[in-house]
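Chain residues, written in single-letter form:
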Amino acid sequence: MTITTEKNNDVLTIKLEGRLDTNTAPELEKTVAEKTEGIKDLVLDMEKLEYISSAGLRVLLATQKKMNKVGSMKVTNVCDGVMEVFEITGFSDILTIE
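Residues numbered from 1 in each chain as written. Predicted model: local features only at pLDDT ≥ 70, side-chain atom pairs only at ≥ 80, totals over all residues. Heavy atoms only, no water.

**Overview of the sheet that holds strand β4 (residues 72–76)**
Taken in spatial order, the 5 strands line up as β1-β2-β3-β4-β5 in an open sheet, and their pairing is mixed. At either end of the open sheet lies a strand with only one pairing partner, and these are β1 (2–8) and β5 (96–97). The sheet contact formed by β1 and strand β2 (residues 11–20) spans 7 bridges and is antiparallel. Directly across from T2, in β2, lies its bridge partner E17. In the packing of helix α1 (residues 25–35) onto the sheet, contacts are made with β1 and β2, and the angle to β2 comes to roughly 175°. (Pairing = 2+ DSSP bridges. Helix = DSSP H or I, 4+ residues; strand = E, 2+ residues; numbered from the N terminus. Contact = heavy atoms within 4.5 Å. Axes fitted to C-alpha atoms, helices over the stretch in contact; angles between N-to-C directions.)

Right, dumping it as structure tokens:
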């Protein structure tokens, strides 16, 4: 998986490309921990994310809880396959998806 970040004032955009699974979830977790200090709004751009596993969902849930304390988190550009996982797991009700 490839992770790129863009910071604009107190908004951080994290772009995900590839597969968010057991092997790559720790990388996203580390990026979130390192880059969200002082951030009020987090955008996870999933335009090029092809797959998400339960390990990826765990990181998203932890990140959502963290951002709820200081601001907001939204998920954008979700492909049909990943959206289906969000809907089946109930994450579509938890996450702000645009």
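**Looking at helix α2 (residues 54–70)**
In this model, α2 (17 residues) spans 25 Å end to end at C-alpha, consistent with the 24 Å of a helix rising 1.5 Å per residue. Inspection of α2 places A55, G56, L57, V59, L60, T63, Q64 and M67 among the buried residues, and these make up the whole buried set. (Expected span 1.5 Å × (residues − 1). Buried < 20%, exposed > 50% of the residue type's maximum accessible area, 1.4 Å probe, protein only.)

**Side note on the environment of L60**
Summarising the element assignment, L60 is placed in helix α2. The buried category is assigned to L60, whose relative accessible area is 0%. Considering only alpha carbons, one finds L60 and A25, 35 residues apart in sequence, at a separation of 9.3 Å. In this structure L60 touches L44, M46, I52, M73, F86 and L95, once residues within four positions along its chain are discounted.

**Let's talk about the nonpolar core**
One finds I14, L16, L28, L44, M46, V75 and F86 to be the most contacted residues of the largest nonpolar core, which totals 26 residues. Broken down by secondary-structure element, the contributors of at least two residues to this core are β2, α1, β3 (41–52), α2, β4 and α3 (80–89). In contact with F86, not counting residues within four places along its chain, are M46, I52, L57, L60, V75, V78, F91, S92, L95 and I97. (Core = buried A, V, L, I, M, F, W, Y, C linked by side-chain atoms within 4.5 Å.)

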